[in-house]
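# A closer look at the structure
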Amino acid sequence: MSDTTRQRDISSGAPAGGRAQASASLSPVAFGLRLLNFGPLLILALLVVVFSVLTPNFLKPGNLSNILAQTAVIAIVAMGQQLVILTRGIDLSVGANLALATVVGGLVFRATDGSGFVVITAMLLAGTAVGLVNGLVFVFGRLPHPFIMTLATLSICRGLALQFSINNTTMRGMPDAVLFLGETSALGVPNSFYVVLGMALIVLVMTKSMVWGRWTYAVGGNPKAAVEMGISVKWVLVSTYAFAGLCAGIGAVVLSGRTGAGSPLYGTLLELDTIAAVIIGGASFLGGRGHIGHALIGALMIGVIRNALNLLNVGVFYQMIAIGVIIVVAVEADVMRSYLEGRARNQAARAQ
Amino acid sequence: MNAAAVPALSVRDAHKRFGAVHALKGVSLDAYRGQVLALLGDNGAGKSTLVRCISGVHALDEGEILLDGEAVALSTPAQARRAGIETVYQDLALFDNLTPAQNFYCGREISFPRWLPRPLRFLNARAMDQEAASVIDRLKVKLPKFDAPVALMSGGQRQAIAVARATVFARNVVILDEPTAALGLRESRKVLDLVHQLRDEGNAVILITHNMEHVIELADRAVVLRQGHKVGELKPERANQHELVSLIVGAEA
């Protein structure tokens, strides 16, 4: 983001300085890398332009507000997913975790008859607890890959949610505080959008200015070196999965606010949407690279595509195809980035 | 230099077994401040095992390690680093996605406020950038860009960053495990210059390498290991290069 403004040339000697300048402004490799960094944002802008030409309804305030509301849940949960992917992991359980949290919220609402604070706390705790179990069993059970652990909790959470929800289906009724967060708008913008904004700020501070965030990047960049440098890699991983669970819990609050219900059927395939959002947004699936902006841009891109194709009366199956194609393009861009970085490395070696 | 002083690092009668394999059979060595000690031996001679014991990755089965004459326990890498022992691993242990300054301080970030548990503290990025920049300046390492991730840098630059990181925290001993193995001629030269500087700044430097030219040029003394034994210790010179090689491979001189 502000990286380019902080550039500092510490090399002594004019030739090196001149070269640094040349590679920053001229080299096609450096240009390509920069283009890839901004690619997802450019594609999002392009989509918005194309859709607003194709369908006049797209840019109406009501529709934009609609997109934000529809995107909020994916965006919130994708922020947790992004951190997990950053550490070379994956969390398949977020969708089922979210469903379980809404069911817990619905049951607590009925049992206690009411306080928004208690219901929200219950949903957040439920989500965090599942994430904590993911992290603890994956790390201390020495499972080969988080794919397996979170696949297991996906099944377990969906089963628990179905089993314990009343009549094994959607339960109407949520406290006013929850409805306020999910349903109401302020200044023409849905409140859920402010939840996304607030979370994004917190995550930004956590990842960019706190030691914990630096450690998640270190673990994602080189887990072996992180151990050698004295970072407690195990606890970094546990906390990351717990945070992804918390994000699912927050997503549960927003979703049950929007629908006024808790349901074991919520969040189906949300894990794939969030993974897609993170990858489309431009984070590396191999870990170590990506930031909160990637998750948000990716989530927005998915929201925009779905919304616009709906307005254009394009069938839901085509939407799935479109998103699939974009995933391939995004991953190909990541491959391209690694290739260009290799080229940049060779250039640096030759320049010496 | 003051070779008569107490050695910065002493290993006394070190034994290490891995199951049936007796990797170190009573090895002793001394490393002095302001000197380069070459640790030589063929593959499997026990060099890396010895280094891992000094840098806290493995614990010795018998024997002891003394820093400035006092016995210390080095059972984790963190303990060894707190004692002022820095290791430049053969694979460099760099984080490709972080900048040089972030690499320098990874795991030991300058952060505040102190009363919070470390992961919850806030990074003092400015202090770390300035410190790292001054170290890189002092070591005369040339980097094209100071705020680019190290993934974009050449093998020599990466090697230089790994060595420079060791110098930020080294107060006693710096161990370099084959620092020039993957480098071209010119890049090797730069790393060797860094080894010179580390020595001149008063560190005890332990250098593992297979390159006899480098040993003769840099090392004040050489310790040769073979099959877990120390088989010789001498001052490497062009005149005894042949003897040195014979010690390493085990042939009669």
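Residues numbered from 1 in each chain as written. Chains lettered and ligands numbered in written order. Predicted model: local features only at pLDDT ≥ 70, side-chain atom pairs only at ≥ 80, totals over all residues. Heavy atoms only, no water.

## Remarks on the overall build of chain A
Where we set the bar: Segments assigned H or I by DSSP are reported as helices when at least four residues long, segments assigned E as strands when at least two residues long, and all are numbered from the N terminus. Based on C-alpha atoms, the radius of gyration is set beside the globule rule, defined as 2.2 Å times the residue count to the power 0.38. Only protein chains enter the accessibility calculation, which uses a 1.4 Å probe; a residue is then buried when its area is under 20% of its type maximum, exposed when over 50%, and partly exposed in between. Here, two residues are considered to be in contact whenever any of their heavy atoms come within 4.5 Å of each other. The method behind every accessible area is Shrake-Rupley, applied with a 1.4 Å probe, and residues are considered shielded solely by the protein chains displayed. His is not counted, nor are the chain ends; Lys and Arg add positive charge and Asp and Glu add negative charge. By convention, charge coordinates are those of NZ in Lys, CZ in Arg, CG in Asp, or CD in Glu.
When helices and strands are counted, chain A shows 14 helices and 4 strands. Computed over its C-alpha atoms, the radius of gyration of chain A comes to 22 Å, within 12% of the 20 Å expected for a compact globule of 352 residues. Over its C-alpha atoms, taken along the principal directions, chain A stretches across nearly 75 × 55 × 35 Å. Within chain A, the proportion of its 352 residues that are buried is 51%. Considering only contacts within chain A whose residues lie at least 6 apart along the sequence, 79% involve residues at least 24 apart. Total accessible area on chain A is roughly 15,700 Å²; 70% of this is exposed by carbon and sulfur atoms. Taken as two groups, the 21 positive and 12 negative side-chain charges of chain A have centres that lie 8 Å from each other.

## Some words on the pairing of strand 4 (residues 62-67) of chain B
All names here are of chain B. Going by this rule: Whether two strands pair depends on DSSP finding at least two bridges between them.
Here strand 1 (residues 9-18) runs beside strand 4; their pairing, made up of 5 bridges, is antiparallel. Looking at the pairing, valine 11 lines up with isoleucine 65 of strand 4. Here strand 4 runs beside strand 5 (residues 70-72); their pairing, made up of 3 bridges, is antiparallel. The residue of strand 5 that forms the bridge with leucine 66 is alanine 71. Between strand 4 and strand 5, which pair antiparallel in sequence order, lie 2 residues; one of them, aspartate 68, sits at a positive phi of approximately 50 degrees.

## Thoughts on the environment of valine 233 of chain A
Residues and elements named next belong to chain A. Residue position: valine 233 is located in helix 11 (residues 233-259). The class for valine 233 is buried, based on a relative accessible area of 13%. Along the chain, valine 233 and serine 93 lie 140 residues apart, while their C-alpha atoms are 22 Å from each other. Setting aside residues up to four positions removed in sequence, valine 233 forms contacts with Val219, Pro223, Ala226 and Val227.

## Re the side chain of arginine 165 of chain B
Inclusion rule: By salt bridge we mean one thing: a side-chain nitrogen of Lys or Arg within 4 Å of a carboxyl oxygen of Asp or Glu. Contacts described as polar in this section are N or O atom pairs within 3.5 Å, which, within protein, must combine one atom able to donate a hydrogen with one able to accept it, while residues neighboring in sequence count only if both atoms come from side chains.
Locating arginine 165 of chain B in the fold gives a position in helix 5 (residues 155-169). The charged side chain of arginine 165 of chain B is buried without a salt bridge, its nearest counter-charge being glutamate 86 of chain B at 5.8 Å. At a separation of 3.0 Å, a polar atom in the side chain of arginine 165 of chain B contacts the main-chain carbonyl oxygen of leucine 92 of chain B. One polar contact links the side chain of arginine 165 of chain B to the main-chain carbonyl oxygen of alanine 93 of chain B, over a distance of 2.8 Å. For arginine 165 of chain B, the residues in contact, after removing those within four places along its chain, are Met229 of chain A together with Glu86, Leu92, Ala93, Leu94, Phe95, Asn103, Phe104 and Arg108 of chain B.

## Points about the sheet that holds strand 3 (residues 36-40) of chain B
Paired through backbone hydrogen bonds, the strands of a sheet run either parallel or antiparallel to each other. All names here are of chain B. For clarity, the threshold we go by: To obtain an axis, a line is fitted to C-alpha atoms, over the contacting stretch when the element is a helix, and the angle between two such axes runs from 0 to 180 degrees between their N-to-C directions.
A sheet is described by the order of its strands in space; here 6 strands give the open sequence 6-9-10-3-11-12, paired in mixed fashion. Of all strands in the sheet, those with a lone pairing partner are strand 6 (85-88) and strand 12 (229-234), marking the two edges. Each strand axis lies, on average, 20 degrees off the axis of its neighbour in the sheet, ignoring direction. With 4 bridges joining them, strand 6 and strand 9 (residues 173-177) adopt parallel strand pairing. Looking at the pairing, threonine 87 lines up with isoleucine 175 of strand 9. Contacts from helix 5 reach strand 6 and strand 9, with the element oriented near 175 degrees to strand 6. Packing of helix 6 (residues 185-200) onto the sheet brings it into contact with strand 3, strand 9 and strand 10 (204-208), and relative to strand 10 it is tilted by some 150 degrees.

## Here we look at the interface of chain A and chain B
Our working definition: Note on terms: buried area is the combined drop in 1.4 Å-probe accessible area of two parts once they are placed together, counting the loss on both. Side-chain classes are defined by residue name, with Ala, Val, Leu, Ile, Met, Phe, Trp, Tyr, Cys and Pro counting as nonpolar, Asp, Glu, Lys and Arg as charged, and the others, Gly among them, as polar.
With 37 residues of chain A at the contact, the number on the chain B side is 42 residues. Summing the contributions of chain A and of chain B, the shared interface buries around 3,600 Å²; its carbon and sulfur component is 57%. Aspartate 91 of chain B is paired through a salt bridge with lysine 224 of chain A; the nearest N and O atoms lie 2.6 Å apart. Our enumeration of links across chain A and chain B arrives at 10 residue pairs in polar contact (both at pLDDT 80 or more). Considering every element that reaches the side of chain A that touches chain B, the biggest residue donor is helix 9 (residues 211-221) of chain A, with 7 residues. Class assignment for the residues of the side of chain A that touches chain B results in 17 nonpolar, 9 polar and 11 charged.

## Examining the confidence of the model for chain B
Detailed conclusions should not be drawn from predicted coordinates in areas where pLDDT is low. Stated formally: As a per-residue measure, pLDDT reflects the predictor's confidence and takes values from 0 up to 100.
Averaged over all residues, the pLDDT of chain B is 85; the fraction at 70 or higher stands at 98%. Interface predicted TM-score (ipTM) for the complex: 0.81; the corresponding pTM is 0.84.

## Observations regarding the pairing of strand 1 of chain B
Residue and element names in this part refer to chain B. Relative to strand 2 (residues 21-31), strand 1 runs antiparallel, the two being bridged by 8 bridges. Among the inter-strand pairings, arginine 17 is bridged to a residue of strand 2, identified as histidine 22. A loop of 2 residues connects strand 1 with strand 2, the two strands running antiparallel in sequence, and glycine 19 in this loop sits at a positive phi of about 60 degrees.

## Focus on empty space enclosed by the protein
Rules: A cavity here means a set of 1 Å grid points, computed over protein atoms only, where a 1.4 Å probe fits but cannot escape. A pocket is an open set with protein on both sides within 12 Å along at least 5 of 7 lines, and lining residues have an atom within 4 Å of a point. Grid points are joined across faces, edges and corners, and a volume is the space filled by probe spheres set on the points.
Summed over the entire model, instances satisfying the criterion amount to 1 cavity of 30 Å³ or more. Lining the largest cavity are 16 residues; nearest its centre among them are Met229 of chain A together with Arg81, Glu86, Thr87 and Tyr89 of chain B. Going through the elements one at a time, helix 2 (77-82), strand 6 and helix 5 of chain B are the ones with two or more residues in the lining of the largest cavity. Tallying contributions element by element places strand 6 of chain B first for the lining of the largest cavity, with 4 residues. When its residues are assigned to classes, the lining of the largest cavity shows 10 nonpolar, 2 polar and 4 charged.

## As for the layout of surface pockets
All names here are of chain A. In this structure, the second largest pocket occupies an estimated 660 Å³ of space. Lining the second largest pocket are 26 residues, and of these Ile74, Thr268, Leu269, Asp273 and Arg306 sit closest to its centre. Elements represented by at least two residues in the lining of the second largest pocket include exactly helix 3 (61-86), helix 11, helix 12 (270-281), helix 13 (292-311) and helix 14 (316-351). Across the lining of the second largest pocket, the residue classes break down as 14 nonpolar, 9 polar and 3 charged.

## A short note on the pattern of salt bridges
Residues and elements named next belong to chain B. This structure, assessed with the given rule, holds 15 salt bridges over all chains. Where arginine 189 meets glutamate 217, a salt bridge forms, and the shortest distance between an N and an O atom there is 3.1 Å. With arginine 189 in helix 6 and glutamate 217 in helix 7 (residues 212-218), this residue pair connects regions lying 28 residues apart in the sequence.

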